[in-house]
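Structural overview
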Amino acid sequence: MGKNFVILADPTCDLSKELQERFQIGIIHGHYTTPDGVEHKTTLDWTEEERDAFYAALKKNPNGFTTSPPNIEECSAAFESYAKDGVPVLALTISTGISGTYDFMTKAKEEVLKKYPDAEIYVIDSLRFSAGFGIMAIVASKMRDEGKTAEETYKYLEDNKNRIHQTGWMDDLSFVAKKGRLSNAKAFFGTLAGVKPIGEFDYNGLTTVIGKAKGEKAAYSVLLDYMERHIENPEEQIILIATTARQKQAKEYKEMIEKRFSPKEIIVVGVYQSCGINAGPGLMAAYYFGKPITEGLTEERECIAELLSGK
């Protein structure tokens, strides 16, 4: 896998089997438990029927599903499989604001270094989830193709991860609020009929609701204007749109972004078990590189408020 180093990610990157192969990205799989108490290995490969059945079951019994990340032993085994041959490893994890995966991978790295002290293993806390995290893995792949080393790629991602934006909505916040994946959740808890809560990543690796639009038409307009104010060099970017059970809206959003920004490519990605169980069916958002996100989301909140007011 790869040219001068390998890229490994946990399954919350939501990169399908096809994208894993295209960008040569390996997955250290985690686990999820269904309401019948059976534990399963995560998969990033399913049919439309399997996806729809999963989200129907999740909506019916949201508290019956749980997730767990790859454990230390699983991470160690993955790292060691490359370290023994002297191949550098760049590993990326979901935000520490959401999961303990980064801690597990860091401890796994320490264990492998005891056995292979000269091994190169770099672990990155993405401070993102789903396609926001997946974009980092894709950028790492492109840098590897350009001949960059694992260390150079690691430093670039650490310095620039705060430039990855989430611009979209979660129209059923019950799941993320209950799972602690959303800041200021109490103000927006539950399903708000006709209202589209607009989320952005914050400094703590969580999604923060920075505004709410009434209806899809208004939400699309605000999202596109917000993106225009924050995206940088869209013609050079691969933009990812992640959706749980909002495929129609994701397709519409993709067409709007293509028309307005003409990016290099837009890929609609599914949200699989690890993120889906905690996000629920209502996620539809675009992920891209842009201006650095401000501390406390001060500028971002002001921007959304202005756009929602019609100024």
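Below or above, wherever it landed, is the structure these notes cover. All of these numbers come straight from a predicted model, not from anything done at the bench.

When helices and strands are tallied, the protein chain shows eleven helices and 14 strands. On C-alpha atoms alone, the protein chain measures out to a radius of gyration of 19 Å, which is about the 19 Å that the 2.2 N^0.38 rule sets for 311 residues. When its C-alpha atoms are laid out on the principal axes, the protein chain stretches across 60 × 45 × 35 Å. Counting across all 311 residues of the protein chain, residues that qualify as buried make up 56%. Sequence separation of at least 24 residues holds for 78% of the intrachain contacts in the protein chain that already meet a minimum separation of 6. Carbon and sulfur atoms make up 49% of the accessible area of the protein chain, which amounts to about 13,400 Å² in all.

If you check helix 3 (residues 72-83), its first and last C-alpha atoms are 16 Å apart, about what twelve residues at 1.5 Å a residue would give, namely 16 Å. Looking at the buried residues of helix 3, the elements they touch are strand 1 (6-9), strand 6 (89-93), helix 4 (101-115) and strand 7 (121-125). Where helix 3 begins, the capping side chain belongs to N71, and its oxygen is found 3.1 Å from the backbone nitrogen of E73.

Bringing the sheet that holds strand 1 into the picture now. Ordered in space as 2-1-6-7, the four strands form an open sheet in which the pairing is parallel. Both edges of this open sheet fall to strand 2 (26-27) and strand 7, since each of them pairs with a single strand only. In this structure, strand 1 lies alongside strand 2, joined through two bridges in parallel fashion. Bridge pairing links A9 to I27 in strand 2. Strand contacts of helix 6 (residues 150-160): strand 6 and strand 7, with the helix running at about 15° to strand 7, the strand carrying the most contacts.

Glancing now at the sheet that holds strand 4 (residues 39-41). Pairing within the open sheet is antiparallel, and its three strands lie in the order 4-3-5. Among the strands making up the open sheet, the edge pair consists of strand 4 and strand 5 (66-68). When the angles between neighbouring strand axes are averaged without regard to direction, this sheet yields 25°. Strand direction decides the pairing type here: strand 3 (residues 31-33) and strand 5, joined by three bridges, are antiparallel. When the bridges of strand 5 are listed, H31 appears paired with S68.

Here the focus is the pattern of salt bridges. With the rule as written, the count across this model stands at 15 salt bridges. Taking the shortest distance from any N to any O, the salt bridge between E158 and K161 comes out at 2.9 Å. Between R260 and D225 there is a salt bridge, with the nearest N and O atoms lying 2.5 Å from each other. Of this pair, R260 sits in helix 9 (residues 247-261) while D225 sits in helix 8 (residues 216-230), and the two are 35 residues apart along the sequence. The exposure class of D225 is partly exposed, given its relative accessible area of 23%.

Reading guide: rules and limits
- Residues numbered from 1 in each chain as written.
- Predicted model: local features only at pLDDT ≥ 70, side-chain atom pairs only at ≥ 80, totals over all residues.
- Heavy atoms only, no water.
- Helix = DSSP H or I, 4+ residues; strand = E, 2+ residues; numbered from the N terminus.
- Rg over C-alpha atoms; globule rule 2.2 N^0.38 Å.
- Buried < 20%, exposed > 50% of the residue type's maximum accessible area, 1.4 Å probe, protein only.
- Contact = heavy atoms within 4.5 Å.
- Areas by Shrake-Rupley, 256 points an atom, 1.4 Å probe, with all protein chains shown as cover.
- Expected span 1.5 Å × (residues − 1).
- Polar contact = N/O pair within 3.5 Å; in protein donor to acceptor, adjacent residues only side chain to side chain.
- Pairing = 2+ DSSP bridges.
- Axes fitted to C-alpha atoms, helices over the stretch in contact; angles between N-to-C directions.
- Salt bridge = Lys/Arg side-chain N within 4 Å of Asp/Glu carboxyl O.

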